[in-house]
Amino acid sequence: MASKAAPSCRLVFCLLISAAVLRPGLGLYTVSSTYGDTIIMPCRLDVPQNLMFGKWKYEKPDGSPVFIAFRSSTKKSVQYDDVPEYKDRLSLSENYTLSISNARISDEKRFVCMLVTEDNVYEAPTIVKVFKQPSKPEIVSKAPFLETEQLKKLGDCISKDSYPEGNITWYRSGRVLQPLEGVVDIVFKKEMDPVTQLYTMTSSLEYKTTKADIHMPFTCSVTYYGPSGQKTVYSEQAVFDIYYPTEQVTIQVLPPRSAIKEGDNITLKCLGNGNPPPEEFFFYLPGQPEGIRSSNTYTLTDMRRNASGDYRCSLTDKKSMIASTSITVHYLDLSLNPSGEVTKQIGDALPISCTISASRNATVVWMKDNTRLKSSPSFSSLQYQDAGNYVCETALQEVEGLKKRESLTLIVEGKPQIRMTKIIDPRGLSKTVICHVEGFPKPAIQWTITGSGSVINQAKESPYINGKYYSKIIISPEENVTLTCTAENQLERTVNSLNVSAISIPEHDEADEISDENREKVNDQAKLIVGIVVGLLLAALVAGVVYWLYMKKSKTASKHVNKDLGNLEENKKLEENNHKTEA
C-alpha cells in the first residue's frame, strides 16, 4: 500500500507543478466588483467523483503562482495560505466558491480554481476587475473675476478617489468647451495614491471671457467606468463676475424732479457702464473749463438763477468719454407797491402795482379778505368799503412749490360826518330821532338835550359796516326840545342838532329826513292814502251815474202817468156824453 501511495503522491505533485506552469487555453471569465464590496468567484468546474481537493491561486505579473486557499474533499477541512494581503479576507465554500471581502484595487488579478484528482488537475481562471466611483467634481481655485479680452485662469475642476481614472470635461452654459488657442486652454493631470491606488483627476481651465459671459454658468463633469458601464457626474454651477471697461458715461440729477427752482439743492451723479463702475469722475460746471475731481456724485446747494446751463462729467482717465445735461433754475420775483400797512383818507386816490419777473409765464391772483377778486385793484377815490387786507399771489404752474405773495393792509380814515332824521309814530304817541354817522376809526356817538345838557343813554346802535352806522332814540316830549348828536373819533369831534316839537303839537315827518329803514313804510302809507282817495272818487262817480239814470227814468215815468191820466179824463167825458144822449 505504501509503495502504491508514494507513486500516486508523486504524480499529484507533478500535476500541480505542471498546472502551475502550464496555462491551458480555457476562456477567461471576469468578475467585476465595487471597491470595498465582497468579490465572489465561483469555481466554474464540474466537481469530479474522484476529487481529492481543491485549491485557489493567483498569478503574479511575472506568471509565478501564489496559492491562497485549500479545501480537502475527504476531510472537509479548509486551509488558507499565509498571504498577508489576504489575511482574514478569504472564504472558500463547499462548492469551492472563493469570496474576498473588502475589495481593493490590488485584488485586480488573475485567479485560478484548481480541482485535483489522482490522475489530473482541472483549472478555471477568473479575471477580477475592481471599480471605484470618483467623488463629485468640484470647481476650486475659482477666479474672483474674469476680465474681457484677457486669457485668465477660471479655476480647477477636481475629482478624487477614482478607479480606473476618469475623464474631466468643461462646460459653458451646458455646452462643451473645446480647446481653442488663445481662448480656451485646458490642462489635465492625474495622480495615483500609492497606498490606495486610487486616482485624483484635475483639469485646469484658462478662458478669455466676453460680455456675453455675464451670468453664464460654468460646470465640469467626470466620466468614469463602473461595473455597469460608463457614467458621468456633474459639478455645481459656478458664475463669475465679468469685468469689462466703460463704454458709455451718463449723468443724472438727483433727486429726480420735473423742474429746479431757486434755493433747491441738487446732486449730480455720473455713471459708467463698465464693471466695476468707475469710482471717480471730473465734473464740469457752466463756464468752468477745468473739471472738479470727485466721486461719482457732486452736490450743489442753494441753486441760483445764474447757475442755469450745461453740466458735464467725464472719466478721469479718458476725458473724451463725457456726458452732459442742461439745467434751468427757475425763479419768480414779485414786487407789490405799496405794501405792508397803508393808511389813506377817504376820497384819496391810490394806484396799486404788482410786478412779476419769472423764468416762465406766471399766473397772478388778487385776494381781498380771503375772497378772490376779478381784477387788480386800483382806487381813484377811496371809500370806507375799500379798506381791507389785499394779497397779490403768483405761481409757476410747471414748478412745484414756486409761489410768491405780498400783502397790503389798507386803512381808510375819515372825520365823522353826521346826518339826523326823525320819524313820527302814526298814532302820535312817540317820535324816533336817528343820528347817521360815517367815519373811521369808528366814532363814538353821544346824545344830549340842548339846554338841560342831559345825556340820553337809552340809544340803540346798528352794526358798524364799511365805516357807517347809526344811533336812534325814541322819545315822547311834552314840550319842544332840541336833541344834539355828537360823533367823535381820533380825527375830529362833530356835532349836529335837531328840533323836536311836543307830542301835542301836530308835526309832519320831514320828507328829506326819512330814514332808510322807514322809507318803505312811508311809501306803503302813501300808496294806501292814494288808493283810498281813488276809491272814493270812483264810488262818487258810480253814485252820480246811478243818480242820473234814476232821474231820467223818473221823468219818463211821469210823462206816461200824465198821458194815462189824460186818457182817463177823455174816457170819462165820453161816458158822460153817452149817458146824456141815452137820456
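Owing to the predicted nature of the structure, the values given are computational and were not obtained by experimental measurement.

Overview of the confidence of the model for the protein chain
Detailed reading of predicted coordinates is not advised where the pLDDT is low.
Inference 1: On average, residues of the protein chain score 85 in pLDDT, and 84% of them reach the 70 mark or higher.
Inference 2: Note on residues 1-26: pLDDT under 50 across the span, and 30 contacts to partners over four residues away in sequence or across chains.
Inference 3: A low-confidence stretch, residues 510-526 stays under pLDDT 50, and its non-local contacts, those more than four residues away or across chains, total 18 contacts.

Concerning the state of the cysteines
Inference 1: For the structure on display, the rule yields 5 disulfides.
Inference 2: Between the sulfur atoms of C157 and its disulfide partner C220 the distance amounts to 2.0 Å. The S-S bond linking C157 to C220 shows a torsion near 75°; that makes this disulfide right-handed. One end of the pair, C157, is in strand 12 (residues 151-162); the other, C220, is in strand 17 (residues 217-226), with 63 residues separating them in the sequence.
Inference 3: Each disulfide pairs two cysteine sulfurs, and for C435 the partner residue is C485, the sulfurs being separated by 1.9 Å. Here the S-S torsion is close to -80°, and the disulfide linking C435 with C485 is therefore left-handed. In this pair, C435 sits in strand 37 (residues 431-440) while C485 sits in strand 42 (residues 481-488), placing the two residues 50 residues apart along the sequence.
Inference 4: The cystine pairing of the protein chain, numbering bonded cysteines in sequence order, is 1-2, 3-4, 5-6, 7-8, 9-10.

Structural notes on the side chain of K132
Inference 1: Along the chain, the position of K132 falls in the loop between strand 9 (121-131) and strand 10 (138-140).
Inference 2: In this structure, K132 is in contact with Y35, D161, S162, Y163 and L198, ignoring residues within four places of it in sequence.

Things to note about the side chain of D107
Inference 1: Position of D107 relative to the elements: it lies in the loop between strand 7 (98-100) and strand 8 (110-117).
Inference 2: Owing to a relative accessible area of 0%, D107 belongs among the buried residues under this scheme.
Inference 3: A distance of 2.5 Å separates polar atoms of two side chains, one belonging to D107 and the other to R89.
Inference 4: Only 2.8 Å separates the side chain of D107 from the backbone nitrogen of R104, close enough to count as a polar contact.
Inference 5: The residues touching D107, leaving out its near neighbours within four places in the chain, are I39, Y86, R89, I100, N102, V128 and V130.

Comments concerning the nonpolar core
Inference 1: Counting residues in hydrophobic clusters, the biggest one holds 48 residues, and the most contacted among them are M41, W56, I68, L98 and F111.
Inference 2: Contact partners of I68, with chain neighbours within four places excluded, come to W56, K57, Y58, Q79, Y80, D81, V83, Y86, L90, L98 and F111.
Inference 3: Core analysis: the next-biggest nonpolar cluster, separate from the first, contains 19 residues, I266, C270, F281 and F283 among them.

Brief notes about the packing of aromatic side chains
Inference 1: Taken as a whole and judged by the stated rule, the model has 12 aromatic pairs.
Inference 2: Taken together, a centroid distance of 5.8 Å and an interplanar angle of 55° make the contact between Y58 and Y86 tilted. One end of the pair, Y58, is in strand 3 (residues 51-59); the other, Y86, is in the loop between strand 5 (78-80) and strand 6 (90-92), and 28 residues separate them in sequence. The same class applies to Y58 as to Y86, namely buried.
Inference 3: Ring plane angle 70° and centroid distance 5.3 Å describe the contact between Y207 and F218, whose orientation is recorded as edge-to-face. Taken together, the residues Y207 in strand 16 (residues 199-208) and F218 in strand 17 connect sequence positions 11 residues apart.
Inference 4: Classification of F218 by relative accessible area gives buried; the value is 0%.
Inference 5: Directly above the ring of F145 sits K152, whose terminal nitrogen or CZ lies 3.8 Å from the centroid.

Each value, and the rule that gives it
Residues numbered from 1 in each chain as written. Predicted model: local features only at pLDDT ≥ 70, side-chain atom pairs only at ≥ 80, totals over all residues. Heavy atoms only, no water. pLDDT = per-residue confidence, 0-100. Contact = heavy atoms within 4.5 Å. Disulfide = S-S within 2.5 Å. Helix = DSSP H or I, 4+ residues; strand = E, 2+ residues; numbered from the N terminus. Buried < 20%, exposed > 50% of the residue type's maximum accessible area, 1.4 Å probe, protein only. Polar contact = N/O pair within 3.5 Å; in protein donor to acceptor, adjacent residues only side chain to side chain. Core = buried A, V, L, I, M, F, W, Y, C linked by side-chain atoms within 4.5 Å. Phe/Tyr/Trp six-rings, centres within 6.5 Å; stacked < 30°, edge-to-face > 60°. Lys NZ or Arg CZ within 6 Å of the ring centre and 35° of its normal.

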